[in-house]
Amino acid sequence: MTASLLQAPRLHRTVLANGLTVLVLENPVADIVSARLFIRAGSTFEAPHQAGLVSFLMGLLTKGSDTLSSMAIAETVESVGASLGTDAAADYSVISLKTVSADFAEIFALAATVLRQPSFPPDEIDLERRLTLQQIRSMQEQPFTVAFNQLRRDMYGEHPYALPGIGTEATVSAITQQDLVDFHRQHMRPDNVVVTIVGRIAPEAALAQVEKTLGDWMAPATPLPALTLPPVTSAPTCSVVTQDTNQAIVMVGYPAASVKHPAYPALKLINTYLGNGLSSRLFVELREKRGLAYDVSAFYPTRLGLSQFVAYIGTAPENAATALEGLRFEVERLQTTVLSDEELQSAKNKLLGQYALGKQTNAQIAQLLGWYEILGLGVEYDQQFQDMVAAVTVLDAEAVAQEFFHTPYISLLGPEAAVAPLAAAQA
Amino acid sequence: MNSVDFPASVIRLENGLTLIHQEIAATPVVVADVWVRAGAIAEPAEWAGMAHFLEHMIFKGTDQLPPGVFDYAIETQGGMTNAATSHDYAHFYIAIAADMLPQTLPYLADLLLHAAIPADEFGRERQVVLEEIRQAQDDPDWLGYQAMSELIYQDHPYGRPVLGTAEILQQRSPEEMRCFHQAHYQPDQMTVVITGGIPLEPTVELVKHAFRGFAPPPPCPPAASSRVPSLPGVRREVLHLPRLEQSRLTMAWLAPGIGQLETAYGLDLLAAILAEGRSSRLVRELREDRQLVQDVGAGFSLQRECSLFTIQAWLEGDDVDRVEAIVCDRLSELAAKPISEAELTRAQRLLCNDYAFSTEAPGQLAGLYGYYGTIAAADRCLSYVPILQSYTGDRLRSLADQYLTPLRYVSTILHPA
């Protein structure tokens, strides 16, 4: 629906002399400008003993620069009612900001400063570490998170996708200021950065602002860091966490295609068919017809490396076995059951319609464009993705199910009496 | 105060239904958001959970529309639909390509007006709601919020969980639910908000046509009496929960409802001054400087009859008493000392920009109009920015003195078992 927004000539793409990529889209509707500064370095670049380093580093960017204290940065942003945040994902990291148009130049300049010249003050490192360690412990409070962390560890072994981006107590305890400085020097460089700006701003003004704040940033002569990831060997397991919860969590995970794999659009469609919305197969079969759950769904994250296709359900402990059987049945049945043309078309309409609904705000558009660029797909991928989805056939979907939906990894959480026998039965 | 023109049209149809419409040019999306003044507060006490359970059952079809057909029709045309229930309202939402609205809105209207509530579906869906309750009971923050609500609202329905309880839901029947539905899903209790890429005239025709033929309201047990509570002093409750990794302290104050919007917005400003962002008073002192808390936040939640002001901290169990004492101390200070111009301006800009940021997409706008339309009047949301900007430090100070007193509040403390 909003596809035209992203098409030339309204979208301006520029590469500065220092290698930094800039994408600008003028959208005058609201008095808002959203921007993202993406860095092509996510937690996949962490050494195993440094898990959580990128997330830690990104959190510290706004906690001190060569010229500004943490509190001075906060006051600058908050005094104009803007937002400035950071995030670290598996395949990239990002600084996000949102302002009314009049404040954009000031807050963008601040974002550029914290990206280029963070100071990693020792007392801020201590505070961030304390907060992060507690956050890691607090993940144990959420049954879904505990079950998912277990599944991810089992599926990925030594691969960095095995751990949550925040790291572990052991690795975060060991991070030093030198680690932060080294990682920053190695990865935060203009030829590794994509800036997107969307909102009420003329493209020339936006570009001039980027030139002014980031144009004189020189890339080091060394080549960009290359990514080498350990191979993942598939050896499905069933793991259990026993907790006296009111609900059991049952999760199945199948290793799945990366974003650049030809099966990606078909798997996205299958994910929509099975797990997206009130008319999805899992929702209708397990919730509407059988009353087994409130929350039952599937997700398939977009990843540069090997992804995972996960289906899960939260159910009364006594229904855990039925729920596991139901989840597996619905996913694996697609190996032998060809979807009808109508089912496939419905899934396409749903996926493409919701994709369009996800491009309504300046922030959503800035995120999507920069994300495609930083993953190496290019902004054209916005259209290509839609075309590839439209082209998937029922036989493609069946072939993809046959390729990926073999024996799953299983993660169970719940009272011992319910989950222990179920796990034993999987052995 | 109302110097800004309300950009939406508010139309009262002949049958008493309120329609709010705003065309947003250049968007291919339309949002239809139907708000019904039939939240948990409309329930008799022995029917607690009925309003929320009914929201589930609305999607189970009518005599014309078998279960699932509506969801399928919306989603296969690329749209999204969902619903939510609170104490003051239930609302039902579609976002869809603009040209699909004429085909889909009549379905939503049919569900809302003529929900069949079939007995077999009722039994099955009750299992789903019981799962929702089980899931909530595994969430320590939900448990803490409920405990605090009960403590502060006492017998008022705002103190009851919107989800109800398993015991009560087991005793309810489809007949009772049909009665509750027909009594409350009436045109004078309903606001239809349409925003996005559709002009006014076809919208009026579409809504008039779809939302007609309401059944006459049957007699229905009246809502639980809802005397607005008052707090005589400080009430404290300590809960020990399994699997907790960190303690929580929630302090809460009662505040006026929708009848005193100026006060309400002033309390929003006070929440921002106290705990919005790293340079706010409590975050700066308790987290950044003294490092006594993992996080601290303040919030004002506007409700029709009686609002709530909360301060919440995540912290080590040993620090709870100390932090509670410091917060009380800072509130006394807030009520006694002038608020600086810089602090006031900062809070005003934060909230005014938040307001701008949260009215960017048609769905956000529809939610805002529907909410205000249901608990007050839609155009009241327009007074938000002018009222915020009219506040002086001195008026805020006296507001803090009146409402955020360390002498009358509740505190709910969660500790690991």
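Residues numbered from 1 in each chain as written. Chains lettered and ligands numbered in written order. Predicted model: local features only at pLDDT ≥ 70, side-chain atom pairs only at ≥ 80, totals over all residues. Heavy atoms only, no water.

### Section: the domain arrangement of chain B
All names here are of chain B.
Stage number 1. Once the domains are mapped, chain B shows domain 1 (9-210) and domain 2 (234-416).
Stage number 2. One C-alpha centre belongs to domain 1, the other to domain 2, and the line joining them spans 29 Å.
Stage number 3. Residue-level contacts link 33 residues of domain 1 with 36 residues of domain 2.
Stage number 4. Linking domain 1 with domain 2 are two salt bridges, by the criterion used here.
Stage number 5. Asp138 is paired through a salt bridge with Arg243; the nearest N and O atoms lie 3.6 Å apart.
Stage number 6. Our count for the domain 1 to domain 2 interface comes out at eleven residue pairs in polar contact (both at pLDDT 80 or more).
Stage number 7. Counting residues per element, the ones that place at least two in the side of domain 1 that touches domain 2 are strand E2 (18-23), strand E3 (29-36), helix H5 (140-153) and strand E6 (190-196). (Domains from an automatic or database assignment. Contact = heavy atoms within 4.5 Å. Salt bridge = Lys/Arg side-chain N within 4 Å of Asp/Glu carboxyl O. Polar contact = N/O pair within 3.5 Å; in protein donor to acceptor, adjacent residues only side chain to side chain. Helix = DSSP H or I, 4+ residues; strand = E, 2+ residues; numbered from the N terminus.)

### Points about the interface of chain A and chain B
Stage number 1. With 64 residues of chain A in contact, the opposing surface of chain B contributes 53 residues.
Stage number 2. For the pair chain A and chain B, the summed buried area comes to about 5100 Å², and 52% of that belongs to carbon and sulfur atoms.
Stage number 3. Seen at the junction of chain A and chain B, the total is seven salt bridges.
Stage number 4. With a closest N to O distance of 3.5 Å, Arg287 of chain A and Glu125 of chain B form a salt bridge.
Stage number 5. In this assembly, chain A and chain B are joined by 33 residue pairs in polar contact (both at pLDDT 80 or more).
Stage number 6. At the level of secondary structure, the elements contributing two or more residues to the side of chain A that touches chain B comprise helix H2 (70-79), strand E5 (93-100), helix H4 (122-138), helix H10 (281-288), strand E10 (307-315) and helix H12 (341-357) of chain A. (Buried area = accessible area lost by both parts, 1.4 Å probe.)

### Quick notes on the packing of aromatic side chains
Stage number 1. Taken as a whole, this structure holds 30 aromatic pairs over all chains when the rule is applied.
Stage number 2. Between the aromatic rings of Phe53 of chain B and Phe122 of chain B, the centroid separation amounts to 4.7 Å while the plane-to-plane angle is 35 degrees, which identifies the pairing as tilted. With a gap of 69 residues between them, Phe53 of chain B in helix H1 (residues 50-58) and Phe122 of chain B in helix H4 (residues 119-137) connect regions that are remote in the sequence. Judged on exposure class, the residue Phe53 of chain B and its partner Phe122 of chain B are both buried.
Stage number 3. Residues Tyr153 of chain B and Tyr158 of chain B carry aromatic rings whose centres are separated by 5.2 Å and whose planes lie at 75 degrees to one another, so their mutual orientation is edge-to-face.
Stage number 4. Overall, the relative accessible area of 1% leaves Tyr153 of chain B in the buried class.
Stage number 5. The buried category is assigned to Tyr158 of chain B, whose relative accessible area is 2%.
Stage number 6. Each residue in the set Tyr254, Tyr264, Tyr300, Phe309, Tyr355, Trp371, Tyr372, Tyr381, Phe385 and Phe405 of chain A is aromatic and connected to the rest through ring pairs, giving one cluster. (Phe/Tyr/Trp six-rings, centres within 6.5 Å; stacked < 30°, edge-to-face > 60°. Buried < 20%, exposed > 50% of the residue type's maximum accessible area, 1.4 Å probe, protein only.)

### Structural notes on the side chain of Thr412 of chain B
Residues and elements named next belong to chain B.
Stage number 1. Relative to the assigned elements, Thr412 resides in strand E11 (residues 409-416).
Stage number 2. For Thr412, a relative accessible area of 2% corresponds to the buried category.
Stage number 3. When neighbours within four sequence positions are excluded, Thr412 is seen to be in contact with Gly144, Ala147, Met148, Leu151, Glu237, Arg248, Leu249 and Thr250.

### Considerations on the environment of Pro143 of chain A
Stage number 1. Position of Pro143 of chain A among the secondary structure elements: in helix H5 (residues 143-156).
Stage number 2. Along the primary structure Pro143 of chain A and Ile249 of chain A are separated by 106 residues, whereas in three dimensions their C-alpha atoms are 7.2 Å apart.
Stage number 3. Sequence-distant contacts of Pro143 of chain A, defined by excluding residues within four places in its chain, comprise Thr245, Ile249 and Leu413 of chain A together with Asp138 of chain B.

### A few points about the packing of H1 of chain B against H4 of chain B
All names here are of chain B.
Stage number 1. The interhelical angle for the contact between H1 and H4, taken along N-to-C directions, is 125 degrees, at an axis separation of 10 Å. As the angle between them shows, H1 and H4 are arranged oblique. Where H1 crosses over H4, the handedness of that crossing is right-handed. In this structure, H1 uses His52, Phe53, His56 and Met57 to contact H4, whose residues at the interface are Glu121, Phe122, Glu125, Arg126, Val128, Val129 and Glu132.
Stage number 2. Here the contact of H1 with H4 is composed, by residue class, of five nonpolar, two polar and four charged. (Axes fitted to C-alpha atoms, helices over the stretch in contact; angles between N-to-C directions. Parallel < 35°, antiparallel > 145°, perpendicular 65-115°, else oblique. Left-handed = near helix turned anticlockwise from the far one by under 90°. Nonpolar A, V, L, I, M, F, W, Y, C, P; charged D, E, K, R; others polar.)

### Concerning the nonpolar core
Stage number 1. Grouped together as the largest cluster of nonpolar side chains are 74 residues, with contacts concentrated most on Leu270 and Phe309 of chain B.
Stage number 2. Residue contributions to this core peak at eleven residues, all from helix H9 (residues 261-275) of chain B.
Stage number 3. In this structure, this core is formed jointly by two domains, domain 1 (9-210) and domain 2 (234-416) of chain B, each of which donates at least three residues.
Stage number 4. Membership of the second largest hydrophobic core comes to 69 residues, among which are Leu25, Val94, Leu324 and Val389 of chain A. (Core = buried A, V, L, I, M, F, W, Y, C linked by side-chain atoms within 4.5 Å.)

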